[in-house]
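Tertiary structure, described
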Amino acid sequence: MPDNGAFLWDWFWELRQSQPPGFSGPVPISNIELTAWCQLSGNIVRREEVSILKGMDARFCFEIEKETEAIRTREANA
């Protein structure tokens, strides 16, 4: 992560920490949760930053689901 974008990385993990675990994988960050986080944290998030955070979250959820499926496959074949 470039130094000038490190705050996005920090924001992303703050948002992820408030997410409850889902039954079938990670729950994506909703717009309502993002709005509540902004209000609670006092952070002012620009439209472009919201887009980046949502993209990071989508990729995070995808990778976790992919790893979970790989674990299931390994366990089924063991």
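A brief look at the structure comes next.

Quick notes on the rules
- Residues numbered from 1 in each chain as written.
- Predicted model: local features only at pLDDT ≥ 70, side-chain atom pairs only at ≥ 80, totals over all residues.
- Heavy atoms only, no water.
- Helix = DSSP H or I, 4+ residues; strand = E, 2+ residues; numbered from the N terminus.
- Axes fitted to C-alpha atoms, helices over the stretch in contact; angles between N-to-C directions.
- Parallel < 35°, antiparallel > 145°, perpendicular 65-115°, else oblique.
- Left-handed = near helix turned anticlockwise from the far one by under 90°.
- Contact = heavy atoms within 4.5 Å.
- Expected span 1.5 Å × (residues − 1).
- Buried < 20%, exposed > 50% of the residue type's maximum accessible area, 1.4 Å probe, protein only.
- Salt bridge = Lys/Arg side-chain N within 4 Å of Asp/Glu carboxyl O.

Let us now look at the environment of glutamate 75. Mapping glutamate 75 onto the fold places it in helix α3 (residues 47-77). Sequence separation between glutamate 75 and cysteine 38 is 37 residues, and the spatial gap between their C-alpha atoms is 41 Å.

What follows concerns the packing of helix α1 (residues 6-17) against helix α2 (residues 31-41). Relative orientation of the contacting elements α1 and α2 amounts to 110°, with a least axis distance of 11 Å. Looking at the two axes, α1 sits roughly perpendicular to α2. Handedness of the α1/α2 crossing: right-handed. Packed against α1, whose contacting residues are Trp11, Glu14 and Leu15, the element α2 presents Glu33, Leu34 and Trp37 at the interface.

Another point: the side chain of glutamate 49. Examined against the element boundaries, glutamate 49 turns out to sit in helix α3. Filtering out sequence-adjacent residues up to four positions away, glutamate 49 remains in contact with Phe7, Leu8, Trp11 and Ile44.

A few words on α3. Helix length check: α3 (31 residues) gives 45 Å between terminal C-alpha atoms against 45 Å at 1.5 Å per residue, within 8%. Considered for burial, the residues of α3 that qualify are Glu49, Leu53, Met56, Asp57 and Cys61. Against the buried residues of α3 lie α1, β2 (25-26) and α2.

Here we take up the pattern of salt bridges. The full count for this structure, using the stated rule, is six salt bridges. Between arginine 16 and aspartate 57 there is a salt bridge, and its shortest N-O distance comes to 2.5 Å. Here the residue arginine 16 occupies a position in helix α1, and aspartate 57 occupies one in helix α3, the gap between them amounting to 41 residues. Neither arginine 16 nor aspartate 57 differs from the other in exposure class; each is buried. Note that glutamate 67 and arginine 74 form a salt bridge whose closest N and O atoms lie 3.4 Å from each other. Overall, the relative accessible area of 40% leaves glutamate 67 in the partly exposed class.

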